[in-house]
Structures are given as C-alpha cells and as structure tokens.
Amino acid sequence: MGKIIAVANQKGGVGKSTTVVNISAYLGSRDKKVLCIDADPQGNTTTAFGIKKKTVSASTYDVITGKTRIQDAVIHTDFKNVSILPATEDLAGCEIELANNENRLNRLKMQVLTCKTDYDYIFIDCPPALGTITINGLVACDTIIVPMLAEFFALEGLSQLVNTIKIVKSNYNPALEIEGILFTMFDGRLNVANDVVEEVKKFFPDKVFETKIPRNVRISEAPSYGKPVMYYDKSSKGAEAYELLCHEILGEPLELPKKKRRGIFTFNKKNKEE
Ligand SMILES: Nc1ncnc2c1ncn2[C@@H]1O[C@H](COP(=O)(O)OP(=O)(O)OP(=O)(O)O)[C@@H](O)[C@H]1O
Ligand SMILES: [Mg+2]
C-alpha cells in the first residue's frame, strides 16, 4: 500500500516542486515505485521531468474533474520507477468549475485511492495557495512535507498553513500528519537562518528534518535540462542533500562522508557539526 505525501506551502517559490522531483527520482532509483501528481497549473514538476506540456493528452485537470481515470492519465517519465500525472494550465479552471460541487474537496482522494496499491510512494505537488486544489491534496494524503525558507516571514506563513492542516484534519482527514518540515535554499552561515530553525523546532520538536537543502546552482539548473539533479550532477551538494533527505524519509541512517555533509546539516554556534 503506497504512502501518499503532499508537498505543500502556500508561499510561492519555497522548493515544493524541486523537492517532489528530486525525492521521487532518488526513491525510484532505490527500486521504489513512485507516482508524482502535479497538482499545480504552473506544471513545474511536469516540465522538470522533461515532459512537454503540448504532448500531454490527459492531465490532473481531467482526473480532478472526473473526465478521465487516473490510470489513463498517468505517464512514465524517463527516470527509473517514476511515473507522473502531469499538469497543464487548464487545472487553474477547476477551482471555478468545481465551486458548486458538493464533493469538490474529495475529488483527488477518490481517484488516488484507486491506484494507491500500484505504488510505494505517491507525491502531490501542491500549488502556492490554500485553495481547492491544495485542500484536495491535503485531504488525499497520509502526510505532508512542508518545504520552507529559513526567513523571518516564513514563520507567519507556517502558522497559516498549520491552521489549514488542523481544519482539514478535523473535518476530512483525521489521520493526517506532518511528515516533516524541510528547510530549503538553506544557508547555515546566516544567523537568521539558524534562529528560524530553532524557532520552528520549538513548535514542532520532532518534525524538522535533520537534512537541510542548501542553495545550490545545480538544483536550479537541472529542470532546464528536464532532469532531476541526481541525473544532472550526481556529485553536486544538491543531489547529495536530497539523497540524505530520502535516507531520513526511509528511516535509514544519515550516511554521507563527513566532508560532504557541510552545509546540509544545521551549522551554528550552539550546535556545531559533530
Ligand atoms: N536548493 C535550491 N538551490 C537553488 N535553487 C533552488 C533550490 N530549490 C529550488 N530552487 C529554485 O528556486 C525556484 C523555486 O523552486 P520551486 O519551483 O521548487 O518552488 P515552488 O515552491 O514549487 O514554487 P511555486 O510556489 O511557484 O510552485 C526554482 O527556480 C528552483 O529551481
Ligand atoms: Mg511548484
């Protein structure tokens, strides 16, 4: 039975799509069967896997609105064990199209449940908003990964998201849990970054991933080649950080040679890298 993980944060540009693409690629390479659901009309995850939107015949829009079965819309990527339900711009229209539909928040869940046993992991890349599509993702998933920047304003955004998670949990999805909060584009040399990590840890003591994803140019270049970073530059810091994150998700020891771990773990005055 696959685990369904939504990657959500209503703040834009915090690394949601990047995280979905790179975790999926790594878990696929480890023989896990993975489905990525691109639930963002921007279709960044779709593009990052090298899929041209013009070639997409059925998308997340068709699945959420019930025009197509999820099995008929999923396509294989070029990367081992990774399939995708692609998104195109028309997904933006489903907010309005479903506005008067009683089951509008359950649409994705109903479809995902029909393929849950076909995969080990299903990731849902949510759009940067707390609207119908993101709520569909939160209703459909078992757990949530929250990528965030270690910036002061990110704390406000986090409390808004946590309120939404509480509402979804009490009304639609009682088993919903946070898988982890993931700091992305992290620079441990900045005091503010370490302060924000400490602040978030106070509120979510066991929920902050040990692995931090550093700002890394290879991560941002890879999508323009239609590749996850591990297939673009396997020895980059970015690829190593996402690999380490996957060890954490799989409950494995965080094994990386010490010299490679600089910048991936939190590095501050109080908590020196061991
Ligand atoms: N660790 C990183 N280092 C450098 N650049 C990064 C990193 N993570 C993401 N980026 C870049 O930052 C930008 C935003 O990332 P991404 O698209 O994954 O965020 P998002 O949260 O999905 O955005 P949106 O809210 O628009 O969907 C992209 O250009 C991406 O390539
Ligand atoms: Mg995105």
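1. Notes on the site of ligand 1
Lining the immediate surroundings of ligand 1 are 18 residues, of which K16, S17, T18, P214 and N216 lie closest. Contacts to ligand 1 include G15, whose backbone N or O atom sits 2.9 Å from an oxygen atom. Bound to the protein, ligand 1 loses 81% of the 620 Å² it would expose on its own. Counting residues per element, the ones that place at least two in the shell around ligand 1 are helix 1 (16-29) and helix 10 (217-221). By residue number, the principal contributor to the shell around ligand 1 is helix 1, which donates three residues. Of the residues belonging to the shell around ligand 1, the class tally is six nonpolar, eight polar and four charged.

2. A short note on helix 1
Over its 14 residues, helix 1 extends 20 Å from the first C-alpha to the last, a length consistent with the 20 Å expected when each residue adds 1.5 Å. Those residues of helix 1 lying buried are K16, S17, T19, V20, V21, N22, I23, S24, A25, Y26, L27 and G28. Looking one or two residues beyond helix 1, the residue adopting positive phi is D31, at roughly 70 degrees.

Procedures and definitions
Residues numbered from 1 in each chain as written. Chains lettered and ligands numbered in written order. Predicted model: local features only at pLDDT ≥ 70, side-chain atom pairs only at ≥ 80, totals over all residues. Heavy atoms only, no water. Near = heavy atom within 4 Å. Polar contact = N/O pair within 3.5 Å; in protein donor to acceptor, adjacent residues only side chain to side chain. Areas by Shrake-Rupley, 256 points an atom, 1.4 Å probe, with all protein chains shown as cover. Helix = DSSP H or I, 4+ residues; strand = E, 2+ residues; numbered from the N terminus. Nonpolar A, V, L, I, M, F, W, Y, C, P; charged D, E, K, R; others polar. Expected span 1.5 Å × (residues − 1). Buried < 20%, exposed > 50% of the residue type's maximum accessible area, 1.4 Å probe, protein only.

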